[in-house]
Amino acid sequence: MSIVGLLCLLFALIATLLFVLYWLQRRELDSVGELSQQLQRIAIGGRLEGRVDLRTGKAELSALVTAINHLLTRASSAGEREGARASPKMFADLGDRIHEAVLVHRDVILYANRQFASFVGVDRVELVGRRLGDLVPPEYSELVNENIRRRLAGEETAERYEIEMVGLQGQVSRLEIASAVVEYENANALLITGVEIIPTQTDRALRLESAGEPSPHLLALNSLAEAIIATNADGHITYMNPAAEQLSGSVAQQVLGKTLEEVVSLVDETDRRLLSDPVRQALTSGAPVNLSRRALLVSRANGNERSIELSASPIRDEAKEVIGAVILLHDVTELRGLARQMSYQATHDALTGLVNRREFERRLEEATESGHRGDGQHVLCYLDLDRFKVVNDTSGHLAGDSMLREVAKLLRDAVRDSDMVARLGGDEFGMLLIGCPLEKARQIADDVCRAVGDYRFVWKDKIFNIGVSVGLVEISRESGGLEELLAAADSACYVAKKQGSGRVVVYSARDEALARHTGEIQWLQRLQGALKENRFQLYHQPIVPAYGQDGGGPAMEVLVRLQDEGGHEVPPAEFVRAAERYRLMGLVDRWVVQTTLAALGRGAIPVPSNRSVAINVSGQTLADVQFLEFVVECLDSTGVNPAQVCFEITETAVVANLDHARRFVGVLHGMGCQFALDDFGSGVGSFSNLKNLPMDYLKIDGSFMRNLDRDSVNQAMVTAMIKLARTLNFKVIAEQVEDDATLDTARRMGVDYVQGFAVGKPQLLSLAA
């Protein structure tokens, strides 16, 4: 017989011995002698070396021990002949074949089989390194620890004792423990076996005790923060802990004998559809049932509603028959509420409550796919407000924000319930008309123009009237992709705006070509004239250390402004949008870089030697392969120390031009220039592409700074960004810090630098030396 076979037989005999010991104690049978003779016949030729000493003091049991030790001797001899002893892996494989719980224990657990792990309710790997005394209720801990110590020391102690174990799901098992000293991995250890003697203790332990002192495991269940309910085999409630009373709005004594459905209703929180009874499912199938998504508990006692996660598991007796069920309920109301809030913020504009650009583009893509399949007619509308700048310039941004909120409400009221309205940015809006013929869409757009034209905005002592220009494009089988549709609707809107306020234009390729040609000539002439006549101006806004210590980093950000022929300032949003649309942004960025470096070189910009000046680079310019050489030439010709220059590039621009960005950042960073990732947070999903770029600063998008002192979601997002920045060794700049409350909160949260009206407004930069 091989060593594997002998060891298998050995484990089976040990388990049989323990069972016989238990049988003798409980049944007082007298058949040990016959069984001993059978074992002796199996173990012919062995010799007794005292490796297992149960100290029974009974002749019959001594015969059993003798037989088992014969097998141990033969196994050892076989192992020596084969040149190897039984490995721990072999021991583990054999231990898993035994139905009883098995442990090998010295100071801590060295091995546990699957059966023992099932009593605790954890993976057996998690048991290794822990003490058995730490896994039992406190009242059994001293008994277990002392017995293990005495057995390993060879001292007299009880051969068998009983303990209770409470699993993670509340199940209570009562075990009879026996132990023997064995050799394990070249040293003595204690082989501990456990036989479940009162499986029905689980059902009894979960009943509400009507009299007497509660048992320790019942006190433990009553102390849990999680709600636990137990039922009998008919689904009638036999126990409910205080947490379950609070969650269900019921009193335990009043619901005993009722079913779970009579106490609470379980519905889908999305459509209020009644969910199947998980208790009945668990009792019928004999398997655990989980309700972890969109489950809503409605109390029949008081009508309160709570979002929950629920797990119902069957309770079995020693014959493996289902005798009841235990239900664990976890209240996730606050968690789901926070998730909904974060999801809403990620898909909606914070100012107007409309869908934001990202969510609008996602749904537009769905509508485009539907149109390509021929599933229906849809129309995309692009809206641009007229005379919005007047409100901002005369009454300030608070007035402009208030007007945008009111216009958003007008737009929502003007469309059908099935349509979507979004704020795309600034004073631009989008509408997606689902299942709408083009003529009907034109009618809706006309209604929108009339509603906005009739609207009067009142701010203090001023009254403003505005308008809106609308561009339409039909989504059909012949339509292009997402970007083509947006570009077509934008072009149609541009044509409408040129025709006068309150106009609606349906996209036409011929109109687009004319508008593009006219617009290019107009803006090309204006921008070239501004460059030639030096009508661009540089402003600067300070960037200060959050804690007042001058530890390096950007000292300011340079901002560009344009003056028209009449000397009036053109807002950046207007000329930058036009420059990007007609591929002229590179000219502006080159002017800014060249002018800023020239001023730095001649000392016109007072920057401390350890600080730098931040310069924005647009995505369009980043894609220009010649721009890198232009920057290098400017640095050489002006003699500026590259360490005094920090380029700001947006996350979106980097992702759109990743190869050019890697070359641009890599070369200039190697020369000593610094880099900041601007508007971070507006495209977090793409950050996996950016983590390998040599960045120095992370500039949190200003939208997360709004109401930071009282917006818990923004606080959570900013905290996560700061933690990520620390991991990547970036320093953090908070922009658009507009008030003292936001400034204090940003400082407490750990940002390194702040920028915004709270520390300094943009000021004209004097370029004279």
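Residues numbered from 1 in each chain as written. Predicted model: local features only at pLDDT ≥ 70, side-chain atom pairs only at ≥ 80, totals over all residues. Heavy atoms only, no water.

Section: the sheet that holds strand 4 (residues 172-184)
The 5 strands lie next to each other as 2-1-5-4-3, forming an open sheet whose pairing is antiparallel. With partners counted over all chains shown, the strands left at the sheet margins are strand 2 (109-112) and strand 3 (160-166), one partner each. Going across the sheet, the axis of each strand differs from the next one's by a mean of 30°, ignoring polarity. As judged from the 3 bridges shared by strand 1 (residues 101-105) and strand 2, these two strands associate in the antiparallel manner. The residue bridging valine 104 from the neighbouring strand is tyrosine 111, located in strand 2. Sheet strands touched by helix 6 (residues 138-153): strand 1, strand 3, strand 4 and strand 5 (187-196). Its angle to strand 3, the strand with the most contacts, is close to 135°. (Pairing = 2+ DSSP bridges. Helix = DSSP H or I, 4+ residues; strand = E, 2+ residues; numbered from the N terminus. Axes fitted to C-alpha atoms, helices over the stretch in contact; angles between N-to-C directions. Contact = heavy atoms within 4.5 Å.)

Digging into the packing of helix 14 (residues 357-373) against helix 18 (residues 482-499)
Following both chains from N to C, one finds helix 14 and helix 18 inclined at 110°, their axes separated by 10 Å at the closest point. Classified by the angle between their axes, helix 14 and helix 18 sit roughly perpendicular to one another. For the pair formed by helix 14 and helix 18, the contact residues are Arg357, Glu361, Leu364, Glu365 and Thr368 on the first element and Leu482, Leu485 and Leu486 on the second. Along the lines of polarity and charge, the residues of the contact of helix 14 with helix 18 split into 4 nonpolar, 1 polar and 3 charged. (Parallel < 35°, antiparallel > 145°, perpendicular 65-115°, else oblique. Nonpolar A, V, L, I, M, F, W, Y, C, P; charged D, E, K, R; others polar.)

Details of the nonpolar core
The nonpolar side chains of soluble globular proteins are, as a tendency, buried together. In terms of nonpolar packing, the biggest core is built from 70 residues, with Phe536, Val645, Phe647, Leu668, Phe675 and Ile700 touching the most fellow members. At 8 residues, the largest contribution of residues to this core is made by helix 21 (residues 585-601). Excluding its chain neighbours within four sequence positions, the residues that come into contact with isoleucine 700 are Phe680, Met705, Val718, Met721, Ile722, Val732, Ile733 and Glu735. Leu351, Val407, Val415 and Ala445 belong to the second-largest nonpolar core, a separate cluster that totals 34 residues. (Core = buried A, V, L, I, M, F, W, Y, C linked by side-chain atoms within 4.5 Å. Buried < 20%, exposed > 50% of the residue type's maximum accessible area, 1.4 Å probe, protein only.)

Some words on a negative patch on the surface
Residues Glu738, Asp739, Asp740 and Asp744 make up a contiguous surface patch of negative charge. Checked against the element boundaries, aspartate 744 lands in helix 27 (residues 740-749). (Patch = residues over 30% accessible without salt bridge, like charges linked within 9 Å, V, L, I, M, F, W, Y side chains within 5 Å. Areas by Shrake-Rupley, 256 points an atom, 1.4 Å probe, with all protein chains shown as cover. Salt bridge = Lys/Arg side-chain N within 4 Å of Asp/Glu carboxyl O. Lys, Arg positive; Asp, Glu negative; His and termini not counted. Charge placed at Lys NZ, Arg CZ, Asp CG, Glu CD.)

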